[in-house]
Amino acid sequence: MPTLVIVESPTKARTIRNYLPRGYRVEASMGHVRDLPQSTSDVPDSITDKRVRELGVNIEAGFEPIYLIPKDKSKVVKTLKDALKEADELVLATDEDREGESISWHLLQLLKPKVPVKRMVFHEITEDAIKSAIDNCRDIDVRLVRAQETRRILDRLVGYTLSPLLWKKIAYGLSAGRVQSVAVRLLVNRERQRRAFRKGTYWDLKALLAVDAAPKQEFEAKLVTLAGRKIATGADFDESTGQIVAGRNVVLLSEEEARALQARLDGKVWTVSDLEERPVTRKPSPPFTTSTLQQEANRKLGLSARDTMRTAQSLYEQGYITYMRTDSVHLSQQAIAAARSCVEAMYGTDYLSPQPRQYTTKSKGAQEAHEAIRPAGSTFRTPRESGLRDRELKLYDLIWKRTVATQMAEARQTQVTAQIQVEDAGFRASGKRIDFPGFFRAYVEGSDDPNAAIENQEIILPPMRAGDHPKCNQLEAIGHETQPPARFTEASLVKTLESEGIGRPSTYASIIGTITDERKGYAQLVGNTLVPTFTAFAVVDLLEKHFPDIVDLRFTSKMEQTLDDIATGEVDWLPYLKQFYLGDQGLETQVKERDSNIDPKEARTIHLDDLETKIRISRTGAYIESENGNINLPKDMPPADLNPEQVEVLLKGPKVLGYHPESGEPIYVKLGPYGHYIQLGDKTDENPKPKNVSIPPKVKPEDVTLEMAVGLLSLPRTLGVHPETERKIQAAIGRFGPYIVHDLGKDEEGKPKKDYRSLKAGDDVTTITLDRALQLFAEPKAVRGKRGTATPIRELGAHPDDGEPVNIYNGPYGAYLKHGKVNASLPEGQTVEEITMDVAVQALAAKAGTKKTTKSKKTTTAKTTAKKTTAKSSTKTAAKRSTTKAAAAKKSTGTSKRVKAND
């Protein structure tokens, strides 16, 4: 009889099956097989207590959770039970963190096996790791299970106790959560700071100088002192007043004073008074943890925290990276050896750190995994060798580079500072020279292209000495305005939550997903920034006034530490839950006491310091309460941007532009929940839905003319038919601006099929012609987020193996070859003009550490791949369906440590 191995997902099952010997059967649980009920309708009729049915937890019975098998898991459970009947051993091989331990425990409770049971754990899915895990199985760690269960119960108690209160007092569908509410408060507090911010203005001077030794090499110097006193900068201003902070001994220049100083210094002698060169070194950043991967993927790749975790999960389950939920920056000796081997092969021994570099984790809570996120295995597949594509390739490339960089030599730089005096004005010129790039060659934090990043980091000053007299080629007065505190991005919010000890990195993706959920209405993702809504203000106001501990950073951080202590056995879980929920100041007690004291009308009212007008919350959003009727606020209006002037405009009502030349109906400029729009005619019983059209994103409402409005109201305009398809082409305005659309009929499933193109700068949606539209459709469709690249100084042509271009670029250390993601220096003795394709290919192959692949081998590989693809097409189709089901199941059950929306 076989040994039954149970993992969470089909992808993981397929990968691990390759490394197990015969006699092993691998099945997927599709995430959790049991969970707390999602609604009272799920609870069995045998449970009659109303409070137990609502919470899914029996408080009176020692906080006993009510576990149910979700309806969509019944077939999975049956499959697992049938498989167990044919097995003589059960191996539980779920993830090694608390969530995975909990899944294994639930499987054990549900299946009730009568055969021997083992708990198998591994940090990566490779042949060596799986063999080692089989030989070193253990029992289920009950402390980890209890810690996860306590966390789950605690989140349920907070969410299911406070959320109904928000429904009663503010609006139905809102939710509160242990970590979610703190995250929303962070966003609201930042928006409050932006509202309180007062702009400050200051001026300084900037000079372009040159020295006789290098007359064509201009360098920049900025005014830093005047008569021995420091010139004011943005850091010297009080953000709440817009004035210089009291006690700062600085000179605040006005525009008039700056221009007068500029005129006074014109034609005067400039002298280098001091020159300092200071060597500095930079060490590579630690390897990725869950949170740093989320932050860097957001900055570099534009991925949300949720997308990052989904992609990393897929890479882990396919065997490309180690486990992706970890707080640890530790690297195993195997990983260090593999990274050092990569450095030697791809960059040379000069770039290898003299000693293996190890990192230690400072956080006490770093206990969910034993190693940082890194490429899996004892040898690292290069991104080019991985066979990955698109998002998976980009994320793997990021992890690979970050890991390899940890074992590279430090970057050595020289900071150069020149102090330059002209009369009583002191200027400073700063430069930076990279003496040895070290790990910069592989990885620069926050940059996509290491070579470009190195080039951008260098600011070379010309050779000069104290006493030299630079020539001033240009001197200009420059005005500056202080900027309000920046709103949070996903990356900066994750960083703040982690630094404050709030939540765990594995939950950040779901937390951000919850607060940006349109149904909750707490925050909008505008570009890359998180903008809180008026609803978020109302919720945070209520929680701050009546349940301050729930949104207090220190209280929540301490709670998180207690949950970690439960996992180590330092704290008993049951007394803690009783104290938190049932104590004299317990949550249930507080809600009962304060429910009657919370006035719903007051809870729905938002008080903004500089506004006399009342802002209230309704089911459809925020509105201004007025004697003449309520005025809806645009859903995308940031609270920090609502000022008295805007309120006055809103209260005055819509602006009448004029009258339509054909119908004679009035044309209004109105403000709705989604921004300004144009409306034709009045709303009447005969005309309940007057025609309206959005104002283009880059057009200010006050700049709309009657002619423009008439043109916009004519949309969508039919421009004509496409000469090839004989189907119509129209111009219109949508959510993302003006566009043209080509009607392509219907696809095989009978669904409408259309081709869209955004209009370019200079194109007018109201006048664009059919010929111009055909030109736009003839151009390749733009890929969102794709960045431009540097211009090559010579194009050698297509690589003989894959046809990708081989170009030569200028870098900070001379010309270099580039093919795909491989960069290589020009071989010694070769020049940009003389190097041939054959020599370039050899140099690139040597740098990549791979042998040149001939065309015949490539053809053979392609044929083999084609055969395999044909043979496995049906299997892959089934696998894709299975993977989709697994993803859905895992999302719903919390396998990926996603907490529920109201937890």
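Within each chain, residue numbers correspond to sequence positions counted from 1 in written order. In view of the model being predicted, local features appear only for residues whose pLDDT reaches at least 70, and side-chain atom pairs are presented and counted only at 80 or more, with totals across whole chains, interfaces and linings using the full set of residues. With hydrogens and water set aside, each side-chain value is computed from the structure's full complement of heavy atoms.

Asks: Could you clarify how one ought to interpret the overall build of the protein chain in this entry?
Replies: Along the backbone of the protein chain there are 26 helices and 32 strands. The classification of residues rests on relative accessible area computed with a 1.4 Å probe and restricted to protein chains. Under 20% of the type maximum is buried, over 50% is exposed, and intermediate values are partly exposed. Burial analysis of the protein chain (903 residues in total) assigns 49% to the buried set. Restricting to contacts in the protein chain with at least 6 residues of sequence separation, those with at least 24 account for 67%. Areas reported as accessible are Shrake-Rupley estimates using a 1.4 Å probe. Residue values count occlusion only from the protein chains shown. Here the protein chain displays about 45400 Å² of accessible surface, and carbon together with sulfur accounts for 49% of that area. To qualify as a helix, a DSSP run of H or I must reach at least 4 residues; to qualify as a strand, a run of E must reach at least 2; elements of each kind are numbered from the N terminus. Note on contacts: a residue pair is in contact if any heavy atoms of the two residues lie within 4.5 Å.

Asks: I'm lost on the sheet that holds strand β27 (residues 737–746) in this one. Help?
Replies: One key point about sheets: their strands pair by backbone hydrogen bonds, in either a parallel or an antiparallel sense. An order of β25-β26-β27-β28 is seen for the four strands of this open sheet, with the pairing classed as antiparallel. Looking along the sheet, the strands with just one partner apiece sit at the ends: β25 (717–721) and β28 (752–758). Each strand of the sheet is rotated relative to its neighbour by a mean of 30 degrees, with strand direction disregarded. Strands were regarded as paired on the criterion that DSSP finds at least two bridges between them. Across four bridges, the pairing between β25 and strand β26 (residues 728–734) is antiparallel. Residue Gly 720 lies in a different strand from β26, and its bridge partner there is Ile 729. Every axis in this analysis is a line fitted to C-alpha atoms, fitted for helices over the stretch in contact. Angles between the N-to-C directions lie between 0 and 180 degrees.

Asks: Looking at this structure, how should I read the nonpolar core?
Replies: Soluble globular proteins tend to bury their nonpolar side chains together. Here, nonpolar core refers to any group of buried Ala, Val, Leu, Ile, Met, Phe, Trp, Tyr and Cys residues whose side-chain atoms link them within 4.5 Å. Grouped together as the largest cluster of nonpolar side chains are 134 residues, with contacts concentrated most on Leu 162, Ile 170, Ile 321 and Phe 547. In terms of residue count, the dominant contributor to this core is helix α6 (residues 142–169) (10 residues). Core analysis: the next-biggest nonpolar cluster, separate from the first, contains 28 residues, Trp 203, Val 251, Met 464 and Ala 477 among them.

Asks: Could you clarify how one ought to interpret the pattern of salt bridges in this entry?
Replies: Pairs may arise between side chains of opposite charge once their charged atoms sit close together. Just to be clear on terms, a salt bridge is a Lys or Arg side-chain nitrogen sitting within 4 Å of an Asp or Glu carboxyl oxygen. This model, assessed by the stated rule, comprises 49 salt bridges. A salt bridge links Lys 12 to Glu 8, with the nearest nitrogen and oxygen atoms 2.9 Å apart. The same class applies to Lys 12 as to Glu 8, namely buried. Close ionic contact of Lys 206 with Glu 476 constitutes a salt bridge, the shortest N to O distance being 3.8 Å. Residue Lys 206 is located in strand β7 (residues 201–211), and its partner Glu 476 is located in strand β14 (residues 471–481); the two are separated by 270 residues in the primary sequence. Classification of Glu 476 by relative accessible area gives partly exposed; the value is 28%. Shared partners join several salt bridges into a network, and the residues in it are Arg 98, Arg 151, Asp 155, Arg 178, Arg 504, Glu 560 and Asp 564.

Asks: Help me understand the confidence of the model for the protein chain, please; the structure alone is not making it clear to me.
Replies: As a general rule, the predicted coordinates of low-pLDDT regions are not to be interpreted in detail. The pLDDT score gives, residue by residue, the confidence of the prediction method on a 0 to 100 scale. Averaged over every residue, the pLDDT of the protein chain is 86; the share at 70 or more is 89%. Long-range and interchain partners of residues 783–789, a stretch whose pLDDT sits below 50, account for four contacts in this model, where long-range means more than four residues apart. In the model, residues 850–903 has pLDDT below 50 throughout and makes 88 contacts with residues more than four positions away in sequence or in other chains.

Asks: Honestly, the sheet that holds strand β17 (residues 605–606) in this entry has me stumped. Any pointers?
Replies: The sheet built from four strands is open, its strands ordered β17-β18-β19-β20 with antiparallel pairing. Only two strands of the sheet have a single partner each, and these edge strands are β17 and β20 (631–632). Alignment of strand β18 (residues 615–618) against strand β19 (residues 621–624), held across four bridges, turns out to be antiparallel. Along β19, the bridge assignment pairs Ser 618 with Gly 621.

Asks: Got a minute to help me understand the side chain of Arg 757 in this structure?
Replies: Position of Arg 757 relative to the elements: it lies in strand β28. Judged by relative accessible area, which is 12%, Arg 757 ranks as buried. Think of a polar contact as two N or O atoms within 3.5 Å of one another; within protein, one of them needs to be a possible hydrogen donor and the other a possible acceptor, and neighboring residues in sequence only count if both atoms come from side chains. Engagement of the side chain of Arg 757 in a polar contact is seen with the backbone oxygen of Phe 777, the distance being 3.4 Å. What Arg 757 contacts, discounting residues up to four positions off in sequence, is Tyr 739, Ile 740, Leu 776, Phe 777, Glu 779 and Lys 781.

Asks: What should I look at first to understand unusual backbone geometry in this one?
Replies: Glycine aside, residues mostly have negative phi angles, and peptide bonds mostly take the trans form. With an omega dihedral of -5 degrees, the bond running from Leu 715 to Pro 716 counts as a cis peptide bond. Within the secondary structure layout, Pro 716 lies in the loop between α23 (706–713) and β25. The phi angle at Lys 112 is positive, at roughly 45 degrees, despite the residue not being glycine. Of note, Lys 112 is situated in the loop between α4 (98–111) and β6 (117–119). Owing to a relative accessible area of 61%, Lys 112 belongs among the exposed residues under this scheme. A positive phi is found at Glu 423, a non-glycine position, where the angle reads about 55 degrees.

Asks: Looking at this structure, I do not really get the packing of aromatic side chains. What am I missing?
Replies: The aromatic pairing rule takes the rings of Phe, Tyr and Trp, using the six-membered ring of Trp, and pairs them if the centres are within 6.5 Å, calling planes under 30 degrees apart stacked, those over 60 edge-to-face and the rest tilted. Under the criterion given, the structure shown has 11 aromatic pairs. Residues Phe 439 and Phe 440 carry aromatic rings whose centres are separated by 4.9 Å and whose planes lie at 65 degrees to one another, so their mutual orientation is edge-to-face. Counting every residue linked through ring pairs, the aromatic cluster contains Tyr 347, Tyr 351 and Phe 436. Its end group placed over the ring of Phe 488, Arg 190 keeps NZ or CZ at 4.2 Å from the ring centre. Only Lys NZ and Arg CZ are tested; either one counts as a charge over a ring when it is within 6 Å of the ring centre and within 35 degrees of the ring normal.

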